Amino acid sequence: MQPALVVLGSGFHTPARDRLEVLADCAFIVDGTGRIADVIRPEDPRQQALAAWAEAQGVLHRLPADAWLIPGLVDLHVHAPQWPQLGKALDAPLEVWLQKYTFPLEARFADPDFAAEVYDDLVRSLLAQGTTTAMYFGSVHKRPNLILAEACLRHGQRALVGKVAMDDPATCPAFYRDADAATAIAETRAFIAELRAMQGEDPLVLPVITPRFIPSCTDDLLEGLGQLARETGCHVQTHASESDWAAGYVRDRLGCSDCTALDRFGLLTDRTVLAHANFIDGNDMALMAQRGAAVAHCPMSNAYFANAIFPVRRALEAGVEVGLGTDISGGFSPSILDGLRHALMTSRHLGRGADPTLPPEARGTGEAPLTAVEAFWLATAGGADALSLPVGRLAEGQCFDALVIRANLPGSGLRHFPGADRPEELFEKIVLTADRAAIGDIWVQGRKVR
Ligand SMILES: [Zn+2]
């Protein structure tokens, strides 16, 4: 095997939820398919020869001083057509926000020129934030979602893209919905085929079956999409148990929780990602763990739309797969680094409490807050596991999706004093302070995308 790229330097990753691995002075060997062929430690005599060879071939990338390699960030929940709305319109509850702001905006993406302009900017912006894998809700119309996929391929972002399906005239406006269940299913099927036909053997962009959420979909549509998931083996994404209103709506209509209903429709699989899931109970968690379905934890938007905190510790301990989502534009930051900090903070509020008028022992649930290692894991390996994709770790066999974090750059909060920070402390600083200004080179599948 001739390496296509050798990156020489130090890095961090979290191969397991509770385990940080410091990869000091390693050679990361990337093969011609963009996979990590080996991680060679400094004590291994092959390292020096390999570095010399790579240098002569012009494929050596030596990390600068004060720089560390980390796995690319995984964002499990982005609404691509809400990108123009980032940072505004957060003054209404979910059911009002959808009708007042969001459906009218998403309807504008029927215009392919508008879609092309917004999606090109979105993909470039998220890559620059270190998001090497993004799971996108598109809009209802088929063609603009292919334009989004084209932007991902052009800029080299690994992505999962779904044509949103929503057909219920009782909850979806006439100007923005599928004509009926049969049309929504046929358009979803055609979208999957067209996206697959755009790429070869090892596709960077995958199609996702995307019922918006149960309240926007008729039973016929959910049934048909479940059948399509079985037929095609595609990923599935939807919203579940996000707010009191949403969870209550499903209970009133179907007499059960979102998870149970989705399972009955064949939509709860090991390739399913449920956004939010704040109000899932122990039975839902057990069902999700059994099916291998995952949660996209979106702490920022939950503060606006859920009035509740997702019990991340309970879900993880019940065996549910969990990763992070920005939920653009329900969340106001495009950065998963921000997302992981919100996950850290909200888990502290849930466990330790919030209302100062209560005695300390009655203030929180008592469950342990997330640690820095766990939050980083959620943003990388946890998200990758939720998608069953070989990314999120700097290890042999994984795709080389990675970014360089640089300390002490002007304008960045990440400051490093070599004599004062042990490697584990530096990792903690990266988790809590690395920002957009600290992000250097980025690779996806071994291709330098920034
Ligand atoms: Zn959402």
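Residues numbered from 1 in each chain as written. Predicted model: local features only at pLDDT ≥ 70, side-chain atom pairs only at ≥ 80, totals over all residues. Heavy atoms only, no water.

(A) Here's a closer look at the pattern of salt bridges. By the definition in use, this model includes 25 salt bridges. Here E194 ties to K142 by a salt bridge, and the two come within 2.8 Å at their closest N and O atoms. Of this pair, E194 sits in helix 5 (residues 181-197) while K142 is found in helix 4 (residues 142-155), placing the two residues 52 residues apart along the sequence. Salt bridges linked by common partners bring D120, D121, R124 and R154 together as one network. (Salt bridge = Lys/Arg side-chain N within 4 Å of Asp/Glu carboxyl O. Helix = DSSP H or I, 4+ residues; strand = E, 2+ residues; numbered from the N terminus.)

(B) The arrangement of the coordination of the zinc ion in detail. Protein coordination of the zinc ion is provided by H77 (NE2), H79 (NE2), H239 (NE2) and D327 (OD), with donor distances spanning 2.0 to 2.8 Å. Mapped onto the sequence, the residues coordinating the zinc ion show the spacing H-x1-H-x159-H-x87-D. You can see H77 sitting in strand 6 (residues 73-79) and its partner D327 sitting in the loop between strand 13 (321-324) and helix 12 (336-352), a full 250 residues away along the chain. An identical accessibility class is assigned to H77 and D327; each is buried. (Donors = N, O, S within 2.8 Å, 3.2 Å for Na, K, Ca; no water. Buried < 20%, exposed > 50% of the residue type's maximum accessible area, 1.4 Å probe, protein only.)

(C) A look at the packing of aromatic side chains. Per the stated rule, a full pass over the model turns up 10 aromatic pairs. On the numbers, 5.8 Å between centres and 50 degrees between planes, the contact of W245 with Y249 is tilted. Placement of the pair is W245 and Y249 together in helix 7 (residues 244-254), with a separation of four residues, close to one helical turn. Its relative accessible area of 22% is what places Y249 among the partly exposed residues. Here the aromatic cluster, defined as three or more aromatic residues joined through ring pairs, consists of F12, F376 and F427. We note R108 situated over the ring of F114; from NZ or CZ to the ring centre the distance is 4.1 Å. (Phe/Tyr/Trp six-rings, centres within 6.5 Å; stacked < 30°, edge-to-face > 60°. Lys NZ or Arg CZ within 6 Å of the ring centre and 35° of its normal.)

(D) Focus on helix 5. Compared with the 24 Å implied by 1.5 Å per residue over 17 residues, the 24 Å span of helix 5 between its first and last C-alpha is a close match. Those residues of helix 5 not exposed but buried are A181, A184, I185, T188, F191, I192 and L195. The arc enclosing the buried residues of helix 5, seen along the axis, measures out at 125 degrees, which places them on a common side. Across from the buried face of helix 5, at angles greater than 90 degrees, the exposed residues are A182 and A197. The secondary structure elements touched by the buried residues of helix 5 are helix 4, strand 8 (158-165), strand 9 (205-211) and helix 6 (219-232). Where helix 5 begins, the side chain of D180 points an oxygen toward the backbone nitrogen of A182, at a separation of 3.3 Å. (Expected span 1.5 Å × (residues − 1). Arc of directions from axis to C-beta. Contact = heavy atoms within 4.5 Å. Polar contact = N/O pair within 3.5 Å; in protein donor to acceptor, adjacent residues only side chain to side chain.)

Just geometry here; none of it tells us what the structure is for.
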